[in-house]
Amino acid sequence: NQSPQIVLSGYEATFSGEIRYFEGHGWAQDWLTNWKNTADSITWELNVLDPGHYEAFLEYTANDNQVGSDLLLRIGNSEIPFTITQAFEGQLIPSPDRVLRKEAHEKTWKTIPIGILDLKKGEDRLVLTSKKIAPGGIGDIFSIRLIPTK
């Protein structure tokens, strides 16, 4: 049995400052990169149909120079501070395309638990911000995953 998951992909988010899509267009499998300023943020608009507690996970890659960034995930009155403590260089997944693709290639991602969020029914914003950024930036952000707790 698999738990239902909500995947909030980077290409479905809005973002500020110098953050940008890796490929440029924000098509499927694209990710967010170039996060180097604490004034920048990533936001997902939500319409919560099933309120309750959800465990949040971050899918990311970061090199050694990007470890140590302090982030904050918040929605409503729930907020969770966390730190990227491990480097992970994702590997590109070979593509069987016969025609060179324009969109970003798929790659592997590190998944880390962030904590438990209390989601209320209705529309809200899930916002990812940073209080401290490592010398090399935050790394690449693929998604936030939300899994209902039992």
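The preceding data block contains the structure.
In this report, the structure presented in the accompanying data block is examined. (Residues numbered from 1 in each chain as written. Predicted model: local features only at pLDDT ≥ 70, side-chain atom pairs only at ≥ 80, totals over all residues. Heavy atoms only, no water.)

**Thoughts on the pattern of salt bridges**
In the structure shown here, the tally under the stated rule is four salt bridges. Its salt-bridge partner being D118, residue K120 comes within 2.7 Å of it at the nearest N-O pair. The exposure class assigned to K120 is exposed, which follows from its relative accessible area of 54%. (Salt bridge = Lys/Arg side-chain N within 4 Å of Asp/Glu carboxyl O. Buried < 20%, exposed > 50% of the residue type's maximum accessible area, 1.4 Å probe, protein only.)

**Focus: the environment of P113**
Relative to the elements of secondary structure, P113 occurs in strand β9 (residues 110-119). Exposure remark for P113: the relative accessible area of 53% places this residue in the exposed category. Remark: the alpha-carbon pair of P113 and E59, spanning 54 residues in sequence, is separated by 9.2 Å. (Helix = DSSP H or I, 4+ residues; strand = E, 2+ residues; numbered from the N terminus.)

**Here we look at the side chain of D40**
Inspection of the secondary structure assignment puts D40 in the loop between β4 (32-33) and β5 (41-48). Although D40 is buried, it forms no salt bridge, and the closest oppositely charged side chain is K36 at an N-O distance of 9.9 Å. In contact with D40, not counting residues within four places along its chain, are S16, G17, E18, I19, W35 and T129. (Lys, Arg positive; Asp, Glu negative; His and termini not counted. Contact = heavy atoms within 4.5 Å.)

**Regarding the packing of aromatic side chains**
Throughout the structure, instances matching the rule amount to four aromatic pairs. When the ring of F15 is compared with that of Y21, the centres are 5.0 Å apart and the planes differ by 85°; the resulting orientation is edge-to-face. Look at W31 and W109: their rings are 5.2 Å apart centre to centre, the planes differ by 70°, and that puts the pair in the edge-to-face class. Of the two residues, W31 is situated in the loop between β3 (20-21) and β4 and W109 in the loop between β8 (78-83) and β9; the sequence distance between them amounts to 78 residues. Each member of the pair, W31 as well as W109, carries the same accessibility label: buried. Through successive ring pairs, a cluster of aromatic residues spans F22, W31, W109 and F142. (Phe/Tyr/Trp six-rings, centres within 6.5 Å; stacked < 30°, edge-to-face > 60°.)

**Quick look at the environment of E106**
As for its placement among the helices and strands, E106 is situated in the loop between β8 and β9. For E106, a relative accessible area of 37% corresponds to the partly exposed category.

**Points about the pairing of strand β10 (residues 122-132)**
Pairing geometry for β5 and β10, over eight bridges, is antiparallel. In the sheet register, T43 faces β10, and the bridge partner there is V127. Examined bridge by bridge, strand β7 (residues 70-75) and β10 share five bridges and lie antiparallel to one another. Pairing of L73 across the sheet is with L128, part of β10. (Pairing = 2+ DSSP bridges.)

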